[in-house]
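Commentary on secondary and tertiary structure
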Amino acid sequence: MSVVICLFAKNGFDRAGQGVAGAGRRLADELGAKLQAIIIGAADAAMIDAVKTVADGVTIAAQSELSDYQSELYLSAAAQICQSLAPKAVLLSNDTYSQEIAARLAHRLGGSAAGDVTSIALHDGNVRARRSVYGGKAEAVIELKRSPAVLWIRARAFDPAPARESVADVNQAALTLGDARTRIVERKSEAITEARLEDAQIIISGGRGLGGPEPFEDLKALAALVGAQVAASRAACDSGWCPPTWQVGQTGKKVAPQLYLAIAIHGASQHLAGMSDSKIVAAINIDKDAPIFKHCKFGIVEDYRKVVPLLKEKLAAAQA
Ligand SMILES: Cc1cc2nc3c(=O)[nH]c(=O)nc-3n(C[C@H](O)[C@H](O)[C@H](O)COP(=O)(O)OP(=O)(O)OC[C@H]3O[C@@H](n4cnc5c(N)ncnc54)[C@H](O)[C@@H]3O)c2cc1C
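Now for a look at the structure at hand. (Residues numbered from 1 in each chain as written. Predicted model: local features only at pLDDT ≥ 70, side-chain atom pairs only at ≥ 80, totals over all residues. Heavy atoms only, no water.)

Turning our attention to the site of the ligand. Taken together, 25 residues lie around the ligand, and R208, S233, T251, H266 and N285 are the ones closest in. Here an oxygen atom of the ligand sits 2.7 Å away from a polar atom, N or O, in the side chain of N285. Relative to its free-state accessible area of 990 Å², the ligand is covered by the protein chains to the extent of 75%. Among the secondary structure elements, those contributing two or more residues to the shell around the ligand are α6 (234–238), α7 (269–275) and α8 (304–319). Residue composition of the shell around the ligand, grouped by class: 7 nonpolar, 12 polar and 6 charged. (Near = heavy atom within 4 Å. Polar contact = N/O pair within 3.5 Å; in protein donor to acceptor, adjacent residues only side chain to side chain. Areas by Shrake-Rupley, 256 points an atom, 1.4 Å probe, with all protein chains shown as cover. Helix = DSSP H or I, 4+ residues; strand = E, 2+ residues; numbered from the N terminus. Nonpolar A, V, L, I, M, F, W, Y, C, P; charged D, E, K, R; others polar.)

Working definition: the covalent bond between the sulfur atoms of two cysteines is a disulfide. Taken as a whole, this structure holds 0 disulfides when the rule is applied. For the unlinked cysteine C237, the closest cysteine sulfur is that of C242, found at 3.9 Å. Cysteine C296 remains unbridged, with the sulfur of C237 as its closest cysteine sulfur at 19 Å. Residue classification places C296 among the buried residues on the basis of a relative accessible area of 19%. (Disulfide = S-S within 2.5 Å. Buried < 20%, exposed > 50% of the residue type's maximum accessible area, 1.4 Å probe, protein only.)

Attention now goes to the packing of aromatic side chains. In this structure the tally under the stated criterion is 5 aromatic pairs. An angle of 55° between the planes, with centres 6.0 Å apart, marks the rings of F216 and W246 as tilted. Pair noted here: F216 is in helix α5 (residues 215–226) and W246 is in the loop between α6 and β12 (259–263), with a separation of 30 residues, a long-range link. An aromatic cluster is built from F8, Y69, Y74 and Y97, whose rings are joined through pairwise contacts. (Phe/Tyr/Trp six-rings, centres within 6.5 Å; stacked < 30°, edge-to-face > 60°.)

What is shown is where atoms sit, not what they do.
Structure (structure tokens):
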């Protein structure tokens, strides 16, 4: 029996992948099983070396057809390798591509699937997963009775697996992928200069109460002083004040920084769903009854136009 973690070479062994490995290691230890890693795409040596320190075996599918993500081919590669490993569970990251193939992989392997998982345990020999529902207001406990349990897991919900002396065998998979029924005609990449919000340690997030796009420039200046990244509520993104990639929440990014500073954000459940894993939440809001304050360690009831310049001044002075 094994537990498989499925990683994509394009992502490297990022924090999300490390969390997948951490979850996989805990489940494998509980089962007394081996932890097998699959890497799809041509991984570089640094990634392979890092994965080797956490897994018991590594299988790499590096054929040229897999150099760029193509859902059918990635699915076919993952399914073929999993069939040979007969896993109890297959764990994937929370990136869009992993989410796209997870349920299809479960179907192809005759298993069951769950997504956005925040905890995993064994119960009566089945994998039991937890995920938050209704915008974070409740938690669903899902028992996956058909093996393998294919799960994609929430970013940072699991600690990385402790690195060990690298002993894992590394195999190259020889796969027959066939023809894909769809073809990527064009890829348009957005030029993203900042680091991923999911990896940010400090996030300064703005809401509709900012009143327009200009105050986001102040938030950027404040963020620059503390090495933070700027994010936003859906209302601010939908208003066109900032790019949709900044959106945090149920239909946006799920973040888990050390500090999340919400400025002029009401604290709707759909927003909280994306940032409730933050270690410390602080807020600036003019309304003392704004729900965001119920989730805060620190709160300032004041107009942000008074507080943000003061914060900038104090932080700049502290750094001078
Ligand atoms: C299916 C679904 C999915 C959704 N997904 C998301 C999601 O992923 N992310 C998300 O964010 N939302 C999401 N929403 C929308 C969500 O319900 C809220 O509408 C949205 O989060 C509100 O954004 P806001 O807090 O910026 O705006 P508002 O609700 O308008 O709140 C603005 C806040 O700013 C404060 N304020 C006003 N002026 C000032 C000032 N001068 N100084 C300080 N404070 C001030 C106000 O007191 C208020 O609390 C979703 C909704 C649905 C139905």
